[in-house]
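# An overview of the molecular structure
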Amino acid sequence: MSIAFFAAIAVGATNVCAEDEPLGVRLVNQMNARYGQHTGVRANHAKGAVFEGIFTPAQGADSFSSAVFLKGAPTPLVIRFSNAGGVPDAPDTHPSTGGIRGMAIKFRLSDGSEQDIVCISANGFPVATGEDFLALLQAVGASGPNVPKPTPVEKFLSIHPAAAAFVTTPRPVAVSYGTQPFFGVNAFKFTNTQKTSKFGRYRIVPESGPAYVTDEEAAKRPPNALADNLRASLEAGPVKFHLLVQVAAADDPTADATKVWLDSRPTIELGEIAVIKALDTKKIENDLLFLPTNVTTGIEASDDPIINTRTEAYAESFSRRTK
Ligand code: HEM
């Protein structure tokens, strides 16, 4: 995201605030005010592409967590790649995306239940709480082009250095969704059969390595190149990622997604995600709901407050888009 991005989409966005409503509802109200409310569309990550996949656990992954998908037979997946922002059908390079992509994965577990992992292409988040995220969205909404400087968003960024760093980080455009690394951002607690628990954050790394195009090339590409190019790659066979967990050291913060852990922290390989074939996105995407709190035995949410706020907001967005 860039400051220009905030200015570009702040036009027409007003602040909608009802203190008595749950935080997740207020966040969705604010997103709808910012991007417009579009029937049958997600309040955020509105443009997506859905694929079928399969997860194969790595040897020994079950020593990290007793989660059922980490041992034995491969698990079928439904994967939705997306661009951030609530503008449906926006081109991949549209400012409303802020350069942020999403990868949401639903594991169809052998016992009939589900496990979701919902990641973005950024390592870290601009703010540590849902309240601060709402304040950021409100500041953006109040910072139209004719607003005197310093604008509310400029003021917000001046006192929230993590948010300022987030919005000024360059976000190159990937060749396809299949060449984009993704990050879980929020910490989860993993417990194995010996009852040993560790905190970790997911990382999803393309097997072929990350690959990007220049901004000039990106601007010339068709509007859905990220998904189109992944579909084209699938003609030659599955497109693979590695699912890893970065493991926290004892004093690493687990409740603050702005605090990225050192790269030197160990990562454990949980297994391979193979994207197999494209599904009919328009037909199925609205029935899909990915929740960060949708976890199976052996995995729990950490004390990161954003996790529950996300679930509240996603459920609200789901109920609006399926009405
Ligand atoms: C307080 C912080 C956040 C809020 C309020 C928020 C809000 C939302 C909302 C309203 C949706 C639409 C949900 C739906 O209709 O199903 C959404 C989708 C999504 N969000 Fe967030 N989000 C937050 C943080 C995050 C973080 C930290 C990540 C990743 C680490 C993330 C990744 C995604 C992805 C990938 C989707 C698309 C899911 C799909 O394909 O269905 N979000 N978000």
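Refer to the preceding data block for the structure.
Residues numbered from 1 in each chain as written. Predicted model: local features only at pLDDT ≥ 70, side-chain atom pairs only at ≥ 80, totals over all residues. Heavy atoms only, no water.

For the rest of this paragraph, the subject is the overall build of the chain. Looking only at helices and strands, the chain has nine helices and twelve strands in total. Taken over the C-alpha trace, the chain has a radius of gyration of 19 Å; the compact-globule value for 323 residues is 20 Å, and the two agree within 12%. Once local pairs closer than 6 in sequence are excluded, the contacts in the chain between residues at least 24 apart make up 75%. A total of about 14,000 Å² of accessible surface is found on the chain, and carbon and sulfur atoms cover 56% of it. Between the mean site of the 30 positive side-chain charges and the mean site of the 33 negative ones, the chain shows a separation of 2 Å. (Helix = DSSP H or I, 4+ residues; strand = E, 2+ residues; numbered from the N terminus. Rg over C-alpha atoms; globule rule 2.2 N^0.38 Å. Contact = heavy atoms within 4.5 Å. Areas by Shrake-Rupley, 256 points an atom, 1.4 Å probe, with all protein chains shown as cover. Lys, Arg positive; Asp, Glu negative; His and termini not counted. Charge placed at Lys NZ, Arg CZ, Asp CG, Glu CD.)

To continue, consider the side chain of Arg 221. Within the element layout of this structure, Arg 221 appears in the loop between helix H6 (215-220) and helix H7 (225-234). Buried and unpaired, Arg 221 has Asp 92 as its nearest opposite-charge partner, separated by 4.9 Å. Those residues in contact with Arg 221 that lie beyond four places of it in its chain are Val 173, Ala 174, Val 175, Val 213, Leu 226 and Asn 229. (Buried < 20%, exposed > 50% of the residue type's maximum accessible area, 1.4 Å probe, protein only. Salt bridge = Lys/Arg side-chain N within 4 Å of Asp/Glu carboxyl O.)

The next point concerns the coordination of the iron atom of the ligand. Its sole protein donor being Tyr 314 (OH), the iron atom of the ligand sits 2.1 Å from that atom. Mapped onto the fold, Tyr 314 is located in helix H9 (residues 305-321). (Donors = N, O, S within 2.8 Å, 3.2 Å for Na, K, Ca; no water.)

Right, let's talk about the packing of helix H4 (residues 152-159) against helix H5 (residues 161-168) for a bit. Relative orientation of the contacting elements H4 and H5 amounts to 115°, with a least axis distance of 5 Å. In terms of axis orientation, H4 runs roughly perpendicular to H5. Between H4 and H5, the residues in contact are Phe 156, Leu 157 and Ile 159 and Pro 161, Ala 163, Ala 164 and Val 167, respectively. Among the residues forming the contact of H4 with H5, the class breakdown is seven nonpolar, no polar and no charged. (Axes fitted to C-alpha atoms, helices over the stretch in contact; angles between N-to-C directions. Parallel < 35°, antiparallel > 145°, perpendicular 65-115°, else oblique. Nonpolar A, V, L, I, M, F, W, Y, C, P; charged D, E, K, R; others polar.)

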